[in-house]
Protein chains: 2
Amino acid sequence: MDFVRKVAAYCRDSGLLHRDECIVIACSGGSDSLALLDVFSRLRQEWRLRLVVCYVHHGIRAAADREAAVVERAAMERECAFYCHRVRVPQLAAATRESIETAGRKVRYRLLRQTAAAVGAAAIAVAHHRDDQAETVLHHFLRGSGTAGLCGMRARNRDIIRPFLGVTRREIEAYVAARKLPVQIDETNFQRFYLRNRLRLDLLPLLRQYNPAVTEDLNRLAAVMQGEDDFLCAYAAALGRKYVRPGSGGWTLSVDALMAQPVAMRRRLIRIGVSKMTATPITFQQVETILALAAKATGKEFRMKGVRVVCSYRELCFLPPVARRKTTVSSDASVVAVNGPGSYRLGKRQVVLAGAVTPPVRDNVLLRCGTVTAWQLRYRRPGDYICLQNGSTKKLKKFFIDQKIPASRRDQIPLLCNGQEIIWICGYAVNSRYFPAAGEDYIRGWIQEETV
Amino acid sequence: MDFVRKVAAYCRDSGLLHRDECIVIACSGGSDSLALLDVFSRLRQEWRLRLVVCYVHHGIRAAADREAAVVERAAMERECAFYCHRVRVPQLAAATRESIETAGRKVRYRLLRQTAAAVGAAAIAVAHHRDDQAETVLHHFLRGSGTAGLCGMRARNRDIIRPFLGVTRREIEAYVAARKLPVQIDETNFQRFYLRNRLRLDLLPLLRQYNPAVTEDLNRLAAVMQGEDDFLCAYAAALGRKYVRPGSGGWTLSVDALMAQPVAMRRRLIRIGVSKMTATPITFQQVETILALAAKATGKEFRMKGVRVVCSYRELCFLPPVARRKTTVSSDASVVAVNGPGSYRLGKRQVVLAGAVTPPVRDNVLLRCGTVTAWQLRYRRPGDYICLQNGSTKKLKKFFIDQKIPASRRDQIPLLCNGQEIIWICGYAVNSRYFPAAGEDYIRGWIQEETV
């Protein structure tokens, strides 16, 4: 079937488009979103659409200026309105202590929604396709996410629509080639420091050796899970309206009503109770802890960010957190997992890791990241050593002595490690095995004192 | 916690064991099942258990005689009754046209159940542990299985109990080493021709680089899915009792009642209807086809093995299959996926692939299988060629001409292929790149004419 007709049929069957609507198209200049813009411009007359193209400049990559110009020209050629928003994601990420990816995604969707509101758009179209869906499902699977995670992305999620969830990357690329669209390559898509890129570049091709149809099969899994999740959510919401009630200065849930439910609904009722007090996601282990509290009715309480759960008089109460005593936290045992560029906090210091395309920062170091699997930030431990320039190793204690760092400060210096191996004594020295050679992937690292 | 106490706690919390029961222990002589026997013998007094040890000799590996003797001695030392069953799995597999793995598993469970019935056992204990569970979940995930597949193995499935689902391979191995149990190594566990072995030896260690806690996370996923699947099954079963009713020479389901349900329940109602007529598993695509039939109410019918589904008068009818006309099936486009040792049928021929430990068979060939990923059986296609001994390649057509094979027969000769590459022109010649070198993994292949 013709690509445009296939996308149109998917939009119709999934109820993504309606006549006379205004649609904001999120366009990065990559092949997927340029194809989306092109297809929509060809469906415009038939659906009587008004199209607004929106580019968000993250203030990270130099190439973004060129991309914005290409998207603008593509929009102009198709007589679409064009909006370009400039933000500074690294600074935002540092301020909110989120990874650059997370901060970028949040600000991008916020700006897209602002644009949609300003132009009176019914929806925002993004270019995720079936290969993206397989990646998303795989990503959630690897973390052991349950039904909700395995649903992957929805064709419609409130005001976000995904007209390409019915087509594959290969189909899009064939279309782009046939239409000779001016595709811009985002080089960060090939940096293996990002988990998402490793999933796409390494893991999915490998899984295809185990199951050649893995992309289709994971899309089918997402479809099945979406159906089941819809049903389970609707059922649980009805139970929630019945049993989760305001009271005791928060919300209450009868333990007897809870325990009378099958375990799948018990877990969901706990989630509903917690969601009444806080938007903080709750982990499976936390749900199980609260269920154990209810089963034993011990009167003990459970605390997480934004909510305190207390069991009393056969009721679970979801209450506001109480003001916490100031405690001196001994941070020596802290370990922070490092899974990509971002700002990581250990004690009072922030260690910032930024993709190679970030402009240099004062006192930054370059770290080879081609083979990163699981990095972490921690403080020193007995037996630590570091590889220095001439290939020799030095005990960390000896290093500190040589550097004349007082013993009282040694426990406060973050160490970026790959397993047992120290990569970077943050602020002091880089393991010579992690000096990037020419042409190798690298990241920039620097350290910030807490400004508060 | 002490390993024995941990297993005992898991058995108690999961309701696997009760006092004064007789338990059949399936024991292969490997570390897992020897540990299971040892732990149960130490729990025997406390739970007042009667233990019966059962070994099934598959008639495949020479080492099985030694294993049986070791298991017998282990049983005797612990004063347990011992049963050894001898079967010939390769012959069974050939007769039932199943893979050797499938045929072996079926006959093993049948014999374990026979033994349990004979000795009056309440349950059969098998030694699957948390790493096996992660493998099972991963296996189903790679095939895109939905909720039921992602549940993995249950702690109890009717008469089968899995007391080790709360412990890991590492914990078992530490226990085995500490108790100096006489573990027997099954060398087929290291043959990469078996998908299950590749998942364990290659894929799971790789995924651990993406998520060091992947085993635990997949076990948690299984636990969540078991809860959700129990709920969904119970709900669907209640709907099934209400709406799937005997009638019209089979079973009927009101289209209006069906379409009034959310899609998750529609799919499950279709499965219930089909299961009334046949034990053949139904695929997701088949479910969707039947749903489309119901949605359109076209009067067309859908057929699969054991059931015919007809939509008439706003009812879906699940009916017995009608006797089929004899048709001449053109098999030229058939492709059969080959995913491990077993018997594979293409047209009127069966191609048998057997592990290296199978005794030689007349006219067998040896095929290198170390790097197998996705093999398939098919007939010739334009452009096919084969690599011959001296490193040269020959067009398949030329090969057939040289061998004086009449054109009429050339379309009937199965080709075992790895992607585009021909491995074996079955019955005629092996690609020289697939001759196994000394010490490389290999399989035996031979061809059987249909005996019917």
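Analysis parameters
- Chains are numbered independently. Their residues run from 1 in the order of the written sequence.
- All chains are assigned letters beginning with A, and all ligands numbers beginning with 1, in the order in which they are written.
- Two thresholds apply to this predicted model, a pLDDT of at least 70 for residue-level local features and 80 or more for giving and counting side-chain atom pairs, whereas whole-chain, interface and lining totals are computed over all residues.
- Heavy atoms throughout the structure, all of them, feed into the side-chain values; hydrogens and water do not.
- UniProt positions are given in the numbering used here, feature names are shortened, and annotations may be inferred rather than shown by experiment.
- The helix count covers DSSP runs of H or I at least four residues long, the strand count covers runs of E at least two residues long, and both are numbered beginning at the N terminus.
- A simple rule labels every residue: compare its accessible area, found with a 1.4 Å probe on the protein chains alone, to the largest value its type can have, and call it buried under 20%, exposed over 50%, or partly exposed in between.
- By definition, residues are in contact when any of their heavy atoms lie within 4.5 Å.
- Two parts placed together each lose some accessible area under a 1.4 Å probe, and the buried area is that loss summed for both.
- Whenever Lys or Arg places a side-chain nitrogen within 4 Å of a carboxyl oxygen from Asp or Glu, that contact is recorded as a salt bridge.
- Throughout this description, a polar contact denotes any pair of N or O atoms lying within 3.5 Å of each other; where both atoms belong to protein, one of them has to be capable of donating a hydrogen while the other can accept it, and for residues adjacent in sequence the pair is counted only when both atoms sit in side chains.
- Where helices are involved, their axes are fitted lines through C-alpha atoms of the stretch in contact, as for all axes, and angles between N-to-C directions lie from 0 to 180°.
- Put simply, angles under 35 degrees are roughly parallel, angles over 145 are roughly antiparallel, angles from 65 to 115 are roughly perpendicular, and the rest are oblique.
- Less than a right angle of anticlockwise turn of the near helix away from the far helix marks a crossing as left-handed, whereas a clockwise turn marks it as right-handed.
- Note on residue classes: Ala, Val, Leu, Ile, Met, Phe, Trp, Tyr, Cys and Pro are nonpolar, Asp, Glu, Lys and Arg are charged, and everything else, Gly too, is polar.
- Domain start and stop positions are those given by an automatic or database domain assignment.
- A pair of strands is considered paired only if DSSP assigns at least 2 bridges between the two.
- Least-squares superposition aligns the copies on the C-alpha atoms of those residues with pLDDT at or above 70 in both.
- Disulfides are defined in this document as cysteine sulfur pairs within 2.5 Å.
- Two rings belonging to Phe, Tyr or Trp (six-membered ring only in the last case) form a pair when the distance between their centres is within 6.5 Å. Interplanar angles under 30 degrees mark stacking, angles over 60 mark edge-to-face geometry, and anything in between is tilted.
- Any Lys NZ or Arg CZ that is within 6 Å of a ring centre and within 35 degrees of that ring's normal is treated as a charge sitting over the ring.
- Expected helix span is computed as 1.5 Å times (number of residues minus one).
- Residue types Ala, Val, Leu, Ile, Met, Phe, Trp, Tyr and Cys, when buried and joined through side-chain atoms within 4.5 Å, form a set referred to as a nonpolar core.

An unreviewed UniProt entry annotates chain A as tRNA(Ile)-lysidine synthase of Megasphaera vaginalis. The heading Catalytic activity (unreviewed entry) in the UniProt record of chain A holds the text "cytidine(34) in tRNA(Ile2) + L-lysine + ATP = lysidine(34) in tRNA(Ile2) + AMP + diphosphate + H(+)".

A.B. asks: For unusual backbone geometry, give the residues involved together with the corresponding values.
C.D. replies: Here the phi dihedral of Arg158(A) falls at roughly 50°; this positive angle occurs in a residue that is not glycine. You can see Arg158(A) is positioned in the loop between β5 (156-157) and β6 (160-161). The class of Arg158(A) is exposed, set by a relative accessible area of 64%. The residue Lys404(B) is not glycine, and still its phi comes out positive at about 60°.

A.B. asks: Provide a residue-level description of the interface of chain A and chain B, including the pertinent values.
C.D. replies: Each partner contributes residues to the interface: chain A has 43 residues there, and chain B has 43 residues. A combined buried area of about 3,600 Å² lies between chain A and chain B, and 73% of that area is made up of carbon and sulfur atoms. Residue Glu228(A) is joined to Arg268(B) by a salt bridge in which the shortest nitrogen-to-oxygen separation is 3.1 Å. The tally of links from chain A across to chain B stands at 10 residue pairs in polar contact (both at pLDDT 80 or more). Those elements giving two or more residues to the side of chain A that touches chain B turn out to be α6 (130-142), α7 (147-150), α9 (195-210), α10 (214-243) and α12 (263-277) of chain A. Examining the composition of the side of chain A that touches chain B, we find that 13 residues originate from one element, α10(A), more than from any other.

A.B. asks: Hey, could you go over the environment of Ile386(B) for me, with residue numbers and the actual values?
C.D. replies: All names here are of chain B. As for its placement among the helices and strands, Ile 386 is situated in strand β17 (residues 385-387). Judged by its relative accessible area of 0%, Ile 386 falls in the buried class. Residues contacting Ile 386, with those up to four places away along its chain left out, are Ser 392, Thr 393, Lys 394, Ile 422, Ile 425, Ala 429, Val 430 and Asn 431.

A.B. asks: Now, about the packing of α6(A) against α10(A): what can you tell me, with residues and values included?
C.D. replies: All names here are of chain A. Relative to each other, α6 and α10 sit at 70°, their axes nearing to 8 Å. Of the possible angle classes, the one that applies to α6 and α10 is roughly perpendicular. In this structure, α6 meets α10 at a crossing whose hand is left-handed. Contacts between α6 and α10 pair Arg 130, Asp 131, Gln 133, Ala 134, Val 137 and Leu 138 from the former with Thr 215, Glu 216, Leu 218, Asn 219, Leu 221, Ala 222 and Gln 226 from the latter. Broken down by class, the residue content of the contact of α6 with α10 amounts to six nonpolar, four polar and three charged.

A.B. asks: Give a description of the UniProt feature "domain: Lysidine-tRNA(Ile) synthetase C-terminal" (unreviewed entry) in chain A that names residues and reports values.
C.D. replies: Within this structure's numbering, the places UniProt gives as "domain: Lysidine-tRNA(Ile) synthetase C-terminal" (unreviewed entry) are residues 375-446 of chain A. Helix and strand shares over residues 375-446 of chain A are 15% and 36% respectively, and the end C-alpha atoms of the span are 16 Å apart.

A.B. asks: I'd love a proper account of the domain arrangement of chain A, names of residues and values included.
C.D. replies: Residue and element names in this part refer to chain A. Taken as a whole, chain A is organised into domain 1 (3-217), domain 2 (248-319) and domain 3 (336-448). Each of domain 1 and domain 3 has a C-alpha centre, and the two are 35 Å apart. Each partner contributes to the interface: domain 1 provides 16 residues, whereas domain 3 provides 22 residues. A buried area of about 1,500 Å², summed over both sides, lies between domain 1 and domain 3, and 59% of it is on carbon and sulfur atoms. For the pair domain 1 and domain 3, the number of links is zero salt bridges. Taken together, the connections running from domain 1 to domain 3 amount to zero residue pairs in polar contact (both at pLDDT 80 or more). By residue class, the composition of the side of domain 1 that touches domain 3 is seven nonpolar, three polar and six charged.

A.B. asks: I'd like to hear about the sheet that holds strand β2 (residues 50-57) of chain A, residue by residue, with values.
C.D. replies: Residue and element names in this part refer to chain A. Pairing is mixed across the open sheet formed by six strands, whose spatial order is β3-β2-β1-β4-β6-β5. Where the open sheet ends on each side, the last strands, each with one partner, are β3 (81-86) and β5. In terms of strand pairing, β2 meets β3 through six bridges, oriented parallel. Of the residues in β3, the one forming a bridge with His 57 is Arg 86.

A.B. asks: Describe the relation of the copies chain A and chain B, naming the residues involved and giving the relevant values.
C.D. replies: Each of the two chain copies can be generated from the other by rotation about an axis followed by a shift along it. Once chain A is rotated about the relating axis by 179° and shifted along it by 0.1 Å, it coincides with chain B to within an RMSD of 0.3 Å. In symmetry terms, the pair is related by a two-fold rotation axis. Taken as a fraction of all interface residues of chain A, those also at the interface in chain B reach 100%, which identifies the copy contact as same-surface.

A.B. asks: I'd like a rundown of the pairing of strand β7 (residues 244-247) of chain B, residues and numbers included.
C.D. replies: Residues and elements named next belong to chain B. Looking at chain direction, β7 and strand β8 (residues 250-254) are connected through four bridges and run antiparallel. Across the sheet, residue Gly 247 finds its bridge partner in β8, namely Gly 250. Once β7 ends, the chain turns through two residues before running back antiparallel as β8, passing Ser 248 with a positive phi of about 55°.

A.B. asks: I'd like a rundown of the UniProt feature "binding site: ATP" (unreviewed entry) in chain A, residues and numbers included.
C.D. replies: All names here are of chain A. The UniProt feature table records "binding site: ATP" (unreviewed entry) at Ser 28, Gly 29, Gly 30, Ser 31, Asp 32 and Ser 33. Along the polypeptide, Gly 29 turns up in the loop between β1 (22-26) and α2 (31-47). Under the relative-accessibility criterion, Gly 29 is labelled buried at 0%. Once residues lying within four places of it in the same chain are set aside, the contact partners of Gly 29 are Leu 34, Val 71, Pro 182, Val 183 and Gln 184. In this fold, Ser 33 is placed in helix α2.

A.B. asks: I'd like a rundown of the state of the cysteines, residues and numbers included.
C.D. replies: By definition, a disulfide links the sulfur atoms of two cysteines through a covalent bond. Using the criterion set out here, one finds zero disulfides over all chains in the structure. A disulfide-free cysteine, Cys317(B) has its sulfur positioned 7.9 Å from the sulfur of Cys311(B), the nearest such atom.

A.B. asks: With reference to specific residues and values, describe the packing of aromatic side chains.
C.D. replies: Considering all chains together, one arrives at 15 aromatic pairs over all chains under this definition. Taking 6.5 Å as the distance between ring centres and 35° as the angle between the ring planes, the aromatic pair formed by Phe231(A) and Phe231(B) counts as tilted. Linking Phe231(A) in helix α10 with Phe231(B) in helix α10 (residues 214-243), this pair reaches from one chain into another. Ring centres 6.3 Å apart and planes at 80° place the aromatic pair Trp375(B) and Tyr434(B) in the edge-to-face group. Residue Trp375(B) is found in strand β16 (residues 375-378), and its partner Tyr434(B) is found in the loop between β21 (429-430) and β22 (442-449); the two are separated by 59 residues along the sequence. Assigned by exposure class, Trp375(B) and Tyr434(B) land together as buried. Over the ring of Trp251(B) we find Lys276(B); its NZ or CZ atom is 4.5 Å from the centre of that ring. Over the face of the ring belonging to Tyr434(B) we find Arg368(B), whose NZ or CZ atom lies 5.3 Å from the ring centre.

A.B. asks: I'd like a description of the side chain of Asp132(B), backed by residues and values.
C.D. replies: Note that Asp132(B) resides in helix α6 (residues 130-142). Asp132(B) has contacts with Asp32(B), Ala127(B), Met153(B), Arg169(B) and Arg196(B), leaving out every residue within four places of it along the chain.

A.B. asks: Please set out helix α13 (residues 284-296) of chain B residue by residue, giving values where relevant.
C.D. replies: Its 13 residues give α13(B) an end-to-end C-alpha distance of 18 Å, which sits within 8% of 18 Å, the value for a rise of 1.5 Å per residue. When we look at burial in α13(B), the residues that qualify are Phe284(B), Val287(B), Ile290(B), Leu291(B), Leu293(B) and Ala294(B). For α13(B), the elements touching its buried residues are α10 of chain A together with α11 (255-259), α12 (263-277), β9 (301-304), β10 (307-312) and β11 (315-319) of chain B.

A.B. asks: Describe the packing of α12(B) against α13(B), listing the residues and the values that go with them.
C.D. replies: Residues and elements named next belong to chain B. As a packed pair, α12 and α13 sit with axes 10 Å apart at the nearest point and diverge in direction by 100°. Comparing their axes, α13 and α12 come out roughly perpendicular. The residues of α13 that touch α12, namely those facing Arg 266, Arg 267, Ile 270, Arg 271 and Val 274, are Phe 284, Val 287, Glu 288, Ile 290 and Leu 291.

A.B. asks: Please provide a residue-by-residue account of the nonpolar core, values included.
C.D. replies: Side chains that are nonpolar tend, in soluble globular proteins, to be buried together. Counting 54 residues, the largest nonpolar core has Ile270(A), Leu316(A) and Leu316(B) as its most contacted members. Apart from residues lying up to four places away in sequence, Ile270(A) is in contact with Leu258(A), Ile282(A), Val287(A), Ile290(A), Leu291(A), Leu316(A) and Phe318(A).

A.B. asks: Pulling in residues and values, what's your account of the environment of Ala236(B)?
C.D. replies: For Ala236(B), the position within the fold is in helix α10. Sequence-distant contacts of Ala236(B), that is, excluding residues within four places in its chain, are made with Met265(B), Arg268(B), Leu269(B) and Ile272(B).

A.B. asks: Tell me about the sheet that holds strand β12 (residues 335-338) of chain A, and name the residues and values.
C.D. replies: All names here are of chain A. Strand order in the open sheet formed by five strands is β12-β16-β19-β20-β21, and the pairing between neighbours is antiparallel. Edge positions in the sheet fall to β12 and β21 (429-430), since each has one partner strand and no second. Bridge count for β12 against strand β16 (residues 375-378) is four bridges, and the pairing is antiparallel. Considered in β16, the bridge of Val 336 is made with Leu 377.

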